[in-house]
Every structure is written in C-alpha cells, then in structure tokens.
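# Coordinate analysis (summary)
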Amino acid sequence: MSRDFVKAGTLWKTGPDVKKKAMRKRWFLLDQKTLFYYKQPLDPYPIKKKAIKLGSVSEGYGVEEGTGGMKCSQNYPLTLRTPSRTYYLAAENDEEQRSWVEAFQRILRMPPGEDDITKPIGPKLPMKSTTLPAQSSASTAPRSRRQWTLFGLGKKKSSHF
C-alpha cells in the first residue's frame, strides 16, 4: 500500500551544531505536521528515529527563503523555525526551494490542532454503506508467506546430491 506525502525530496541539512556549518544531503518526507529525514530514500527508519514536529505560525513556527544572514555552503537555502530550534536547509535548485517553502507555509498556516491539509473543503456528503460478503472460515488458502511455504508454494530449496 502506498502513501501520499505532502512533499518528498532531497534537501541539505546542517547538524545541531550550526557553527560547524557542515551540510549533509538527506531525503525528507513531509507528512502533514511532521517532517522526517533519512540518509537515503529507501531507508526504513528516519535518522535517529526522530522527526521534526510542525505547528502553526501562531505557535512560533515559521519558514523563509534564505538563512537570515547566516553563511550557507549550499545554494538555495531555506530556514525552518520551531520554538525549540532553527533548521537550516538547502534545496538543489530554486524551483525545489520554492516548492518546499510553499509546502511548509501551507502546513504552518493551518490552525493549531488541525492535522490534515488534504481534507476536502466543503460540506460532507452522505456515503452509501456497502457490506462485503463474508468469507468462509474453512478456507484453505494460504494467508502468509510462511503458509505459502508450508503449502509447498513458496521458493523451492535446491537439493544437493
């Protein structure tokens, strides 16, 4: 099952010690009010299993193009402010920089407590209730990879003589 994120892509990020000014390339996923970052796109877990929680402008969060006067080793910088820390990021080109800033702004403009920027706007329409037919509990079809193997339908092990 796939999942839609607000924005995904590569950004450069400084570490917590901004004085070192070293920026590292990371893969970022923006999911509603949470920003995850990974070393590579297919990594199963975010770095240090931490995420940057985002709020609204009224709670002290903000984003802007540039670094507010701080020197940056990369082109196309942007600054993400949270009440606890300022994150210095950089995009690979000006189009990506604008796209990230706009995505952050959409989220930061949401009122506190609002979590879903993908909610449809307008009145809710009644939905028809449908019932799926019940499955027989006596089904002998395998339901997991292990069962497929047990049924002899998984990968066959080669026998050596």
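The rules behind the values
- Residues numbered from 1 in each chain as written.
- Predicted model: local features only at pLDDT ≥ 70, side-chain atom pairs only at ≥ 80, totals over all residues.
- Heavy atoms only, no water.
- Pairing = 2+ DSSP bridges.
- Helix = DSSP H or I, 4+ residues; strand = E, 2+ residues; numbered from the N terminus.
- Salt bridge = Lys/Arg side-chain N within 4 Å of Asp/Glu carboxyl O.
- pLDDT = per-residue confidence, 0-100.
- Contact = heavy atoms within 4.5 Å.
- Phe/Tyr/Trp six-rings, centres within 6.5 Å; stacked < 30°, edge-to-face > 60°.
- Buried < 20%, exposed > 50% of the residue type's maximum accessible area, 1.4 Å probe, protein only.

As paired strands, strand β1 (residues 7–14) and strand β2 (residues 23–31) are joined by 8 bridges and run antiparallel to one another. Following the sheet pairing, Trp12 is matched in β2 by Lys25. Sheet analysis places β1 next to strand β7 (residues 86–90), joined by 2 bridges and oriented antiparallel. Each residue of the ladder has a partner; that of Lys13, found in β7, is Leu89.

Turning our attention to the pattern of salt bridges. For the structure on display, the rule yields 4 salt bridges. Of the charged contacts, one joins Glu96 and Lys7 as a salt bridge, the two residues approaching to 3.2 Å between their closest N and O atoms. Taken together, the residues Glu96 in helix α1 (residues 94–108) and Lys7 in strand β1 connect sequence positions 89 residues apart.

Of all residues in the protein, 63% have pLDDT values of 70 or greater, and the mean over the chain is 74. Looking over the protein, one finds the lowest element-wise mean pLDDT in helix α2 (residues 145–150), namely 45, and the highest in α1, namely 95. Segment residues 118–133 is flagged for pLDDT under 50; beyond a separation of four residues in sequence, or across chains, it makes 2 contacts in the model. Confidence drops under a pLDDT of 50 for residues 144–159, and excluding neighbours within four residues, the segment shows 8 contacts in the predicted structure.

Attention now moves to the packing of aromatic side chains. Each aromatic ring pair is specified by the distance between its two centres and by the angle formed by the two planes. In total, this model carries 3 aromatic pairs according to the counting rule given. Centroid distance Phe28 to Trp100: 6.4 Å. Interplanar angle 75°. Geometry classified as edge-to-face. On the criterion of sequence distance, the pair formed by Phe28 in strand β2 and Trp100 in helix α1 is long-range, its members being 72 residues apart. Take Phe28 and Trp100: they sit in the same class, and that class is buried.

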